[in-house]
Amino acid sequence: DGGITQSPKYLFRKEGQNVTLSCEQNLNHDAMYWYRQDPGQGLRLIYYSQIVNDFQKGDIAEGYSVSREKKESFPLTVTSAQKNPTAFYLCASSIALAAGAIIGELFFGEGSRLTVL
Amino acid sequence: SQQGEEDPQALSIQEGENATMNCSYKTSINNLQWYRQNSGRGLVHLILIRSNEREKHSGRLRVTLDTSKKSSSLLITASRAADTASYFCATISNFGNEKLTFGTGTRLTIIP
């Protein structure tokens, strides 16, 4: 079945450690996104990528890094510079349109819950 | 920044009743989308309404859009226990924006 796979589902990190969250999609979508969700909150955009080897900062990019070496993969690294990393992280993808065009429906993975010990 | 704000923040109703959730936004939009999230899971797309549309239906869902009031509503008719979830509105602005901005959500509980 086509979809988005995030791993791991649960992750624990000690302070000062970097961790990488995996996101893989087989929907043949060009665009991919990372969102952060805190308890009782909406989603906030961390990074997004419209095409391989290119990505842009979202609203809360500080302390995070991404790469987009393959169309199917968009891993997110939570660095030690992120002061409050405990959260639920969601990856999504969509059909990419021309630059400046309006996107439609997003398809989400099941999320990764990161807890800092 | 949050573009959409849902109202109410939480809603509890009896099974079989209708549930209405509202979303207000701040800037002009190209389209508005509603998503559902079961506890601890990813979001699932429900419906998209464009700025030139006023009403859209999908099964037991009815979405309205009032661009003059910058607001939208989601109506779930004949609610079921399985409808228990959080519901989010999300908007795309008219400024060549490639980002979808989400509201804070309405937590809906259906009482069997």
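(A) Broad picture of the interface of chain B and chain A. Contacts between the two partners involve 24 residues from chain B and, on the opposite side, 27 residues from chain A. Across the chain B to chain A interface the summed buried area is about 2,000 Å²; carbon plus sulfur atoms make up 52%. At the junction of chain B with chain A, the criterion picks out one salt bridge. With a shortest N-O distance of 2.3 Å, R41(B) and E110(A) are connected by a salt bridge. Counting every contact that joins chain B to chain A gives four residue pairs in polar contact (both at pLDDT 80 or more). If you list the elements that add at least two residues to the side of chain B that touches chain A, you get β4 (29–37), β5 (43–50) and β9 (85–93) of chain B. Here the residues of the side of chain B that touches chain A sort into seven nonpolar, 14 polar and three charged.

(B) A look at the confidence of the model for chain B. Chain-level pLDDT for chain B is 91 on average; 93% of the residues reach the 70-or-more range. Within chain B, the lowest mean pLDDT, 84, falls on strand β1 (residues 5–7) of chain B, and the highest, 98, falls on strand β7 (residues 61–66) of chain B.

(C) A look at the state of the cysteines. Counting across every chain of the model gives two disulfides over all chains. Between C23(A) and C91(A) runs a disulfide, and the two sulfur atoms are separated by 1.9 Å. Its S-S torsion of about -75° marks the bond between C23(A) and C91(A) as left-handed, since a negative value means left-handed. Of this pair, C23(A) sits in strand β3 (residues 19–25) while C91(A) sits in strand β9 (residues 87–94), placing them 68 residues apart in sequence. Residue class for C23(A) comes out buried when judged on its relative accessible area of 0%. For C91(A), a relative accessible area of 0% corresponds to the buried category. Here C23(B) is linked by a disulfide to C89(B), with a sulfur-sulfur distance of 2.0 Å. Disulfide C23(B)-C89(B): torsion about the S-S bond near 65°, hence right-handed. Taken together, the residues span a long stretch of sequence, with C23(B) in strand β3 (residues 19–24) and C89(B) in strand β9 at a distance of 66 residues.

(D) Examining the environment of T27(B) more closely. All names here are of chain B. Looking at where T27 falls in the secondary structure, it is placed in the loop between β3 and β4. Judged by relative accessible area, which is 33%, T27 ranks as partly exposed. In the structure, T27 is positioned 26 residues away from E53 in sequence and 17 Å away in space, judged by C-alpha atoms.

(E) Main features of the pattern of salt bridges. A full pass over the atoms with the stated rule returns eight salt bridges over all chains. Between K71(A) and D30(A) there is a salt bridge, with the nearest N and O atoms lying 3.6 Å from each other. On the criterion of sequence distance, the pair formed by K71(A) in the loop between β7 (64–66) and β8 (76–78) and D30(A) in the loop between β3 and β4 (31–37) is long-range, its members being 41 residues apart. Owing to a relative accessible area of 22%, K71(A) belongs among the partly exposed residues under this scheme. The shortest N-O distance in the salt bridge between D83(B) and R60(B) comes to 2.9 Å.

(F) Spotlight on the confidence of the model for chain A. Chain-level pLDDT for chain A is 91 on average; 92% of the residues reach the 70-or-more range. Considering each helix and strand of chain A separately, the mean pLDDT is smallest for strand β5 (residues 43–51) of chain A, with a value of 92, and largest for β7(A), with 98.

(G) Layout of the environment of A90(B). Residue and element names in this part refer to chain B. Here A90 lies in strand β9. Among the residues examined, A90 registers a relative accessible area of 0% and is labelled buried. Sequence separation between A90 and G4 is 86 residues; the distance between their C-alpha atoms is 6.6 Å. Every residue in contact with A90, bar those within four places of it in the chain, is listed here: N31, L32, Q33, Y35, L100, T101 and F102.

Conventions adopted
Residues numbered from 1 in each chain as written. Chains lettered and ligands numbered in written order. Predicted model: local features only at pLDDT ≥ 70, side-chain atom pairs only at ≥ 80, totals over all residues. Heavy atoms only, no water. Contact = heavy atoms within 4.5 Å. Buried area = accessible area lost by both parts, 1.4 Å probe. Salt bridge = Lys/Arg side-chain N within 4 Å of Asp/Glu carboxyl O. Polar contact = N/O pair within 3.5 Å; in protein donor to acceptor, adjacent residues only side chain to side chain. Helix = DSSP H or I, 4+ residues; strand = E, 2+ residues; numbered from the N terminus. Nonpolar A, V, L, I, M, F, W, Y, C, P; charged D, E, K, R; others polar. pLDDT = per-residue confidence, 0-100. Disulfide = S-S within 2.5 Å. Buried < 20%, exposed > 50% of the residue type's maximum accessible area, 1.4 Å probe, protein only.

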